[in-house]
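In case you want the letters, here they are:
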Amino acid sequence: MTPVLDPQSGMRRAIELSRIHMEAGEGGPFGAIVVKDGLIIGEGWNRVTSTCDPTAHGEVVAIREACARLGTFSLKGCEIYTSCEPCPMCLAAIYWARLDRIWYANNQADAAAIQFDDQWLYREVAMPIQERSLPTVQLLREEALAVFRAWEAKPDKVRY
């Protein structure tokens, strides 16, 4: 595990990952690292096009690697450095992973200037479900609620 001496060195590594893997044709110009106790425990870069996975953003890849390395779904006590302000999906993943802090370099406007504009998604998520552009239809709620009730009663569940 590589040490991170200060915030600038952590951000430089995230930016370096974004450049190396963008130039290698693995995806867009985005890189991220997860740091715990001054050590990099996860690295990620955008792999959307090279893996045909729309969720393979740098932050998500770094979170997955860090969780696998630590053997946990909680990254409490860790920080993430990302070469760009996280998109809505990555921001949600960061919250779900319980990271303590986000450090970022480029911002939303910088990403939009190179055709990575997430504003439409921020607007969509804030809309009532029936007003979103993606048709969303609820089906079989009662059957699904039965599974939720079973979860609620399950004595050995792992809460997250």
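Residues numbered from 1 in each chain as written. Predicted model: local features only at pLDDT ≥ 70, side-chain atom pairs only at ≥ 80, totals over all residues. Heavy atoms only, no water.

K.L.:
Help me understand helix α3 (residues 58-70) in this model?
P.N.:
An α-helix turns once every 3.6 residues. As a result, residues three or four positions apart point the same way. For α3, with 13 residues, the first-to-last C-alpha span of 18 Å sits near the 18 Å given by 1.5 Å per residue. Within α3 the residues assigned to the buried category are G58, E59, V60, V61, A62, I63, A66 and C67. Where α3 is buried, its residues meet β1 (31-36), β2 (39-45), β3 (78-84) and α4 (88-97). One or two positions beyond α3, positive phi appears at G71, with a value near 70°. (Helix = DSSP H or I, 4+ residues; strand = E, 2+ residues; numbered from the N terminus. Expected span 1.5 Å × (residues − 1). Buried < 20%, exposed > 50% of the residue type's maximum accessible area, 1.4 Å probe, protein only. Contact = heavy atoms within 4.5 Å.)

K.L.:
Which parts of the structure should I look at to understand the pairing of β3?
P.N.:
Residues in a regular strand project their side chains so that they alternate between the two faces of the sheet. The buried count for β3 comes to 6 of 7 residues, which makes it a mostly enclosed element. Note that β1 and β3 share 5 bridges and pair antiparallel. Bridging across to β3, A32 finds its partner in T82. Summarising the sheet, β3 and strand β4 (residues 101-106) pair through 5 bridges and their orientation is parallel. Among the inter-strand pairings, T82 is bridged to a residue of β4, identified as Y104. A crossover links β3 with its parallel partner β4, the connecting element being α4, and its sense is right-handed. (Pairing = 2+ DSSP bridges. Right-handed = clockwise from strand over helix to strand, strands pointing away.)

K.L.:
Just to check I follow, could you spell out the pattern of salt bridges for this structure?
P.N.:
Two side chains that carry opposite charge are able to pair once their charged atoms sit near each other. Tallied over the entire structure, the rule returns 7 salt bridges. With a shortest N-O distance of 2.7 Å, E43 and R13 are connected by a salt bridge. Here E43, found in strand β2, pairs with R13, found in helix α1 (residues 7-23); they are 30 residues apart in sequence, far enough to count as distant. The partner of K154 in a salt bridge is D156, and the shortest N-O contact between them spans 2.7 Å. Through salt bridges with shared partners, a single network forms among R13, E16 and E43. (Salt bridge = Lys/Arg side-chain N within 4 Å of Asp/Glu carboxyl O.)

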